[in-house]
2 protein chains.
Amino acid sequence: MKEYRVLTGDRPTGRLHLGHYVGSLQNRVALQNRADVVSRMYMVADVQALTDNYDNPAKVRENVMQVVLDNLAVGIDPTKTAIFIQSMIPEIAELTVLFLNLVTVNRLLENPTVKTEIAEKGWNAGKLARAFDLGEVIDGGERPGVPTGFLCYPVSQAADILFGLANLIPVGADQRPMIEQTNEIASAFNRIYKTDLFPHVDILVGETGRLIGTDGNAKMSKSLSNTIYLSDDADTVAQRVRGMYTCPSKISVSDTVSDLELAGNTVFQYLDIFDTDTELITGMKQQYQNGEIGDSVGKTRLTEALNTLLDPIRSRRAEYAQDMDGVREIVELGTNYARGVASDTMSRVRRAMGIDYF
Amino acid sequence: MKEYRVLTGDRPTGRLHLGHYVGSLQNRVALQNRADVVSRMYMVADVQALTDNYDNPAKVRENVMQVVLDNLAVGIDPTKTAIFIQSMIPEIAELTVLFLNLVTVNRLLENPTVKTEIAEKGWNAGKLARAFDLGEVIDGGERPGVPTGFLCYPVSQAADILFGLANLIPVGADQRPMIEQTNEIASAFNRIYKTDLFPHVDILVGETGRLIGTDGNAKMSKSLSNTIYLSDDADTVAQRVRGMYTCPSKISVSDTVSDLELAGNTVFQYLDIFDTDTELITGMKQQYQNGEIGDSVGKTRLTEALNTLLDPIRSRRAEYAQDMDGVREIVELGTNYARGVASDTMSRVRRAMGIDYF
C-alpha cells in the first residue's frame, strides 16, 4: 500500500469561510481517518501571506490564531495533525533559497496562478512604486512592478510541501499549477543532485470546485460581504442567506423559471452542496421552477442545512477559544514536530548537495 | 566616533588571486587594526556561489576551505574576524525570503551588476532549458532563462550584510550597485516596519580598481591562464610574469615606446600597484620608453615584488594547511558567533514585523 504524507495550509489573511470548507478543510478532516496516511501537517502560511501583505503585517498577525481556531473547529485533531507556523521553520526559508536556483524567472512569470493573481492585483500600477519611494525607476519600464517575493511564492510553496516530504495535498483546483511547479522543482533537485529524496506530489481536489459568493459573484470577498464564515453565528448566516442571489425574473411565487436561470440561483447551488437530501432538493427545484414555491422555502431549508453543519463547528471553536493558552501549546507542539522533520530533511538536502561540511 | 561593523565574503568558486587581494583582501586586513571597527565577520558565500553553480556543487564544496585558507594566509586573524559559512546561518535565508517582498522584479532585472552578469553568461541560451528538461516551455518566450536564484542574489546579499547589521563593506567598485540595493532594502524595511534596526551601509573600495589579467585581458579567468593566485609558488609567479603582455611594437631593446602604448603594458601596470618604490619605477618606465632597457628588467623587478608580497602569505597558508582540523575549528567558532548575531537580529526583525507569536 502506498503511504501518504499530507500537508495543507492557509494564508492567515482572514477567517476561513464555506469556500475553504468545501475546497479543502473537508478533505483535511477526512484524511485524518485514512489508514494509508502516515503523517499529517497543517501550516499557517504567514510568510506566504506577507508576500502580498508585506505592508500590513498586523493583518497577518491577527489572523494566525483565527485560522488555527477555524481548523480545530472543523475537526482537525491536534493529536493526528501537527499544526505549525511557517515563519517558525527556518528550514523552509533555506530550502526556498536553494530551490530558487532550479526555476527560471520566466517559468515563474508563466505560472498560470501567479499570472492571474498579478493581473488581479494590477501590479504595474503605482502602489509599489510609492511603497519604495522609487517612482519612475521601478515602474518606468514595461515590466510590471511585482514584488519579487510574490513572484517566488510558488517556490516557497514547493519548500513548504517538500520540507515535510509531503506527497498528498488537499487543495482547491486553482492550486494545480502550484503542485506542478512543486513537482518540477522536486524532480530537478533529484536529477541534478542525484538523489531520490523528494517524492512526487499528488493533489486531492475537493468535490466542489470553487464556491461562489452569496451574491452570485464568482469571488468571495470580505469587501463584497458575500461570504459566510465558519465562525459566523446563526443569525448572520440566516441574514446572508436571506440576501442571497436567486432568480431575478421570479418576482411572485407563481412565476416560472427556466433551467438556465435556475442554474444561476445561488440558493440551489448551495443546497446542492450543503444539503444531503438530494431527492428532496430535486423536488424543491421542480416546484420552484413550476411556480409552486418562492425563494423563502429554499432559503429556510439552506439556513437550516448550514446551521446544522456549522453548529458543531461553532461550539468546538468556542471551546478552544476559551483556552487560548492551550491552543498556543498545540501550535508550539506542532511547530516542534515540524522543526524535527525539517531539520532531518535539511540534513539530507545538504548531504545530497555535498554542502555538509562538518 | 562612528562605529563600524565590517562584513566581507568570497564566493568559493576558486582560489583567490591578486585581483581579490588589491580589490578587497588588503582592506579587510587593514580594517582589523582600525579602532572604530567594533566587529568583523568574514563569510564564505557558498549559497551565493550555488546561484550560478547549482549544477556543480562539488566545485563549491572543494573551494570552501581554499578561500578560508587564502584569507587566513593574507592575515585575517580569527581572533579579530569571525569566519563563517553562509549556508550554516539559516537566518540569512529567512531574511532573504522576507526581503524579497521589498524589491520588485524589474528593480532586480535593472541592477547593473546582475544585468552585466546575465549578459556575460548568455542566459537566454539553451543551457538551462536542458537542465530542467523543459525546452520550449522555458525558453520559448522573449525573456531570458535566468535562474530565479541568480536574479535574487542581490537580495540574498542584502541579507548577508544586514543579518550582522554590518555597515562597512570592503569590496571592488563593481559591487557598488549591490550595496545600493542593500541600502534600498534596509530603508524600505525600516520605513515599512517603522524601525531603525538596519543601518546605512557604506562601501570601502580598494585603491586599485579591477586588476587586469597577465595577458592584458580585462577579466582574470582560470580558463585564460592569466591569473596569479595567492597560493601560486614562486616558479609559477615567475612563469606568469615572463608570459605577461607588454608592448607589441617593442621587439628589440632599442625600440622606443609611446605613452599610449606604455599605458597598455601589463608589467608596468602591475609594478605601479605592487612596487612601493614609485621613483624607481618612474625611472624604469622612462628608460623603457627611450629604448634603453627591454622587457626583462621590469619583469625581473615585478617577479621580485610579487614574491616579496606572496612569500609570507604562502608560508602562513602552508602553516594553516598543516592543521586542517584547527582551520575547521576556526570556522566552527566563527559560525557559532555569526549564528548568535543572526539569531539576535532575527528576533528584532520578528518583533519589528509583529510576527513574534510566542
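Novice: So what's going on with the overall build of chain A? Residues and values would help.
Specialist: The helix and strand tally for chain A stands at 17 helices and 5 strands. Its C-alpha radius of gyration of 23 Å places chain A within 12% of the 21 Å reference for a compact globule of 358 residues. Over its C-alpha atoms, taken along the principal directions, chain A stretches across nearly 80 × 55 × 40 Å. In chain A, buried positions account for 57% of the 358 residues. Taking the intrachain contacts of chain A between residues at least 6 apart in sequence as the baseline, contacts between residues at least 24 apart amount to 77%. On chain A, roughly 14900 Å² of surface is accessible, and the fraction owed to carbon and sulfur atoms is 48%. With 36 positive and 47 negative side-chain charges, chain A shows a spacing of 4 Å between the two charge centroids.

Novice: Can you tell me about the environment of Val114(A), naming the residues and giving the values?
Specialist: Looking at where Val114(A) falls in the secondary structure, it is placed in helix H6 (residues 112-121). Beyond its immediate stretch of four places on either side in the chain, Val114(A) contacts Leu108(A), Phe150(A), Leu151(A), Pro154(A) and Met178(A).

Novice: Give me the side chain of Asp70(A): which residues, what numbers.
Specialist: Along the chain, Asp70(A) falls in helix H3 (residues 57-74). With residues up to four places along the chain from it excluded, the contact list for Asp70(A) reads Arg15(A), Leu16(A), Leu230(A), Ser231(A) and Arg317(A).

Novice: Any details on the interface of chain B and chain A? Residues and values, ideally.
Specialist: Listed as interface residues are 61 residues of chain B and, on the opposing side, 62 residues of chain A. Summing both partners gives a buried area of about 5400 Å² for chain B against chain A, and 66% of it is carried by carbon and sulfur. At the junction of chain B with chain A, the criterion picks out 22 residue pairs in polar contact (both at pLDDT 80 or more). Those elements that provide at least two residues to the side of chain B that touches chain A are helix H2 (46-51), helix H3 (57-74), helix H4 (90-99), helix H5 (105-109), helix H7 (127-132), helix H9 (148-151), helix H11 (176-192) and helix H17 (324-353) of chain B. Ranked by residues supplied to the side of chain B that touches chain A, first place goes to H4(B) with 6 residues. Here the residues of the side of chain B that touches chain A sort into 38 nonpolar, 10 polar and 13 charged.

Novice: If you had to explain H3(B) to someone new, which residues and values would you point to?
Specialist: Residue and element names in this part refer to chain B. Taking 1.5 Å as the rise per residue, H3 with 18 residues should run 26 Å; its terminal C-alpha atoms sit 26 Å apart, in good agreement. By the largest-angle criterion, Asn63 marks the main kink of H3, which is about 35°. Extensive coverage of H3 is indicated by the burial of 14 of its 18 residues. After H3 finishes, the residue Gly75 shows a positive phi value of roughly 120°.

Novice: Lay out the side chain of Thr335(A) in plain terms, naming residues and giving numbers.
Specialist: All names here are of chain A. Examined against the element boundaries, Thr335 turns out to sit in helix H17 (residues 324-353). Residue class for Thr335 comes out buried when judged on its relative accessible area of 4%. In this structure Thr335 touches Ile83, Phe84, Ile85, Met88 and Ile89, once residues within four positions along its chain are discounted.

Novice: Describe the relation of the copies chain B and chain A, with residues and values.
Specialist: Under the fitted operation, chain B is carried onto chain A by 0.0 Å of movement along the axis and a turn of 180°, and the coordinates agree to an RMSD of 0.0 Å. When the rotation and shift are considered jointly, the pair of chain copies conforms to a two-fold rotation axis. When C-alpha distances to the rotation axis are compared across chain B, the minimum falls at Ala93(B), with a value of 2.6 Å. The residues that chain B uses at the interface reappear at the interface of chain A in 100% of cases, marking a shared surface.

Novice: Residue-level account of unusual backbone geometry, with values.
Specialist: Residues and elements named next belong to chain A. Non-glycine residue Lys194 carries a positive phi angle of around 50°. With respect to the helices and strands, the residue Lys194 is situated in the loop between helix H11 (176-192) and strand E5 (202-205). Looking at Lys194, the relative accessible area reads 74%, which means it is exposed.

Novice: Go over the environment of Gln66(A), please, and point to the residues and values.
Specialist: Residue and element names in this part refer to chain A. As for its position among the elements, Gln66 is in helix H3. Overall, Gln66 belongs to the buried group, its relative accessible area being 18%. Along the backbone, Gln66 and Arg15 are 51 residues apart, and their C-alpha atoms lie at a distance of 5.9 Å. Setting aside anything within four residues of it in sequence, one finds Gln66 in contact with Arg15 and Arg317. Only 2.8 Å separates the side chain of Gln66 from the side chain of Arg317, close enough to count as a polar contact.

Novice: Quick rundown of helix H14 (residues 266-274) of chain B? Include the residues and the values.
Specialist: Residues and elements named next belong to chain B. Listing the buried residues of H14 in full gives Thr266, Val267, Phe268, Tyr270, Leu271 and Phe274. Tucked into the core, H14 has its buried residues touching helix H1 (18-31), helix H13 (259-263), helix H15 (278-289) and helix H16 (295-321). Between a side-chain oxygen at the N-terminus of H14 and the backbone nitrogen of Val267 the separation is 2.9 Å; the capping residue is Asn265.

Novice: Which residues make up the pattern of salt bridges, and what are the values?
Specialist: This structure, assessed with the given rule, holds 26 salt bridges over all chains. Between Asp356(A) and Arg61(B) there is a salt bridge; the shortest N-O distance is 3.1 Å. Here Asp356(A) is found in the segment after H17, whereas its partner Arg61(B) is found in helix H3 on a different chain. The salt bridge involving Glu184(B) is made with Arg107(B); its shortest N-O contact spans 2.8 Å. Placement of the pair is Glu184(B) in helix H11 and Arg107(B) in helix H5, with a sequence separation of 77 residues. Note on Arg107(B): relative accessible area 11%, which makes it buried.

Novice: Now, about the nonpolar core: what can you tell me, with residues and values included?
Specialist: The nonpolar side chains of a soluble globular protein tend to be buried, and buried together. Judged by nonpolar contacts, the single largest core of 204 residues is most densely connected at Phe99(A), Phe99(B) and Phe163(B). Counting residues in each nonpolar core, the second largest holds 6 residues, with Val47(A), Ala93(A), Val47(B) and Val97(B) among its members.

Novice: Would you mind going over the packing of helix H12 (residues 234-242) of chain A against helix H16 (residues 295-321) of chain A in detail, with residue names and values included?
Specialist: Think of two packed helices as two axes; the pair is described by the angle between the axes and how far apart they sit. Residues and elements named next belong to chain A. Two numbers describe how H12 lies on H16: the axes approach to 10 Å, and their chain directions differ by 150°. Classified by the angle between their axes, H12 and H16 sit roughly antiparallel to one another. Handedness of the crossing formed by H12 with H16: right-handed. Contact with H12, carried on its side by Ala234, Val237, Ala238, Val241 and Arg242, involves Lys299, Leu302, Thr303, Leu306, Asn307, Leu310 and Arg314 of H16 and no other residues of that element. Grouping the amino acids of the contact of H12 with H16 by side-chain chemistry returns 7 nonpolar, 2 polar and 3 charged.

Novice: Got a sec to walk through the pairing of strand E3 (residues 82-85) of chain B? Specific residues and values, please.
Specialist: Residue and element names in this part refer to chain B. What you see with E3 is no split at all: Ala82 and Phe84 on one side and Ile83 and Ile85 on the other are buried throughout. Where strand E2 (residues 37-44) and E3 come together, 4 bridges link them in parallel fashion. Among the inter-strand pairings, Met41 is bridged to a residue of E3, identified as Ala82.

Novice: Could you give an account of the packing of aromatic side chains, naming the residues involved and the relevant values?
Specialist: Centre distance and the angle of the planes are the two values used to describe a pair of aromatic rings. Residue and element names in this part refer to chain A. Using the criterion set out here, one finds 16 aromatic pairs over all chains in the structure. The interplanar angle of 75° and the centroid separation of 6.1 Å between the aromatic rings of Phe99 and Phe189 together place this pair among those described as edge-to-face. Note that Phe99 is positioned in helix H4 (residues 90-99) and Phe189 in helix H11, a separation of 90 residues in sequence. As far as burial versus exposure is concerned, Phe99 and Phe189 are alike and both buried. Taken together, the ring pairs in this structure connect Phe99, Phe189, Tyr193 and Phe198 into an aromatic cluster. Just above the ring of Tyr153 sits the side chain of Arg11; from NZ or CZ to the centre is 4.7 Å.

Novice: Tell me about the confidence of the model for chain A, residues and numbers included.
Specialist: Scored by pLDDT, chain A comes out at a mean of 90, with 94% of its residues at no less than 70. Across the interface, the model reports ipTM at 0.89; the global pTM reads 0.90.

Novice: Account for the pairing of E2(B), naming residues and giving values.
Specialist: Residues and elements named next belong to chain B. In terms of burial, E2 is largely enclosed, as 7 of its 8 residues are buried. When strand E1 (residues 4-10) meets E2, the two strands line up parallel, connected through 7 bridges. The residue of E2 that forms the bridge with Arg5 is Ser39. In terms of handedness, the path from E1 via H1 over to E2 forms a crossover that is right-handed.

About the cut-offs
Residues numbered from 1 in each chain as written. Chains lettered and ligands numbered in written order. Predicted model: local features only at pLDDT ≥ 70, side-chain atom pairs only at ≥ 80, totals over all residues. Heavy atoms only, no water. Helix = DSSP H or I, 4+ residues; strand = E, 2+ residues; numbered from the N terminus. Rg over C-alpha atoms; globule rule 2.2 N^0.38 Å. Buried < 20%, exposed > 50% of the residue type's maximum accessible area, 1.4 Å probe, protein only. Contact = heavy atoms within 4.5 Å. Areas by Shrake-Rupley, 256 points an atom, 1.4 Å probe, with all protein chains shown as cover. Lys, Arg positive; Asp, Glu negative; His and termini not counted. Charge placed at Lys NZ, Arg CZ, Asp CG, Glu CD. Buried area = accessible area lost by both parts, 1.4 Å probe. Polar contact = N/O pair within 3.5 Å; in protein donor to acceptor, adjacent residues only side chain to side chain. Nonpolar A, V, L, I, M, F, W, Y, C, P; charged D, E, K, R; others polar. Expected span 1.5 Å × (residues − 1). Bend = angle between axes of the 7 residues up to and from the residue. Least-squares fit on C-alpha atoms with pLDDT ≥ 70 in both. Salt bridge = Lys/Arg side-chain N within 4 Å of Asp/Glu carboxyl O. Core = buried A, V, L, I, M, F, W, Y, C linked by side-chain atoms within 4.5 Å. Axes fitted to C-alpha atoms, helices over the stretch in contact; angles between N-to-C directions. Parallel < 35°, antiparallel > 145°, perpendicular 65-115°, else oblique. Left-handed = near helix turned anticlockwise from the far one by under 90°. Pairing = 2+ DSSP bridges. Phe/Tyr/Trp six-rings, centres within 6.5 Å; stacked < 30°, edge-to-face > 60°. Lys NZ or Arg CZ within 6 Å of the ring centre and 35° of its normal. pLDDT = per-residue confidence, 0-100. Right-handed = clockwise from strand over helix to strand, strands pointing away.

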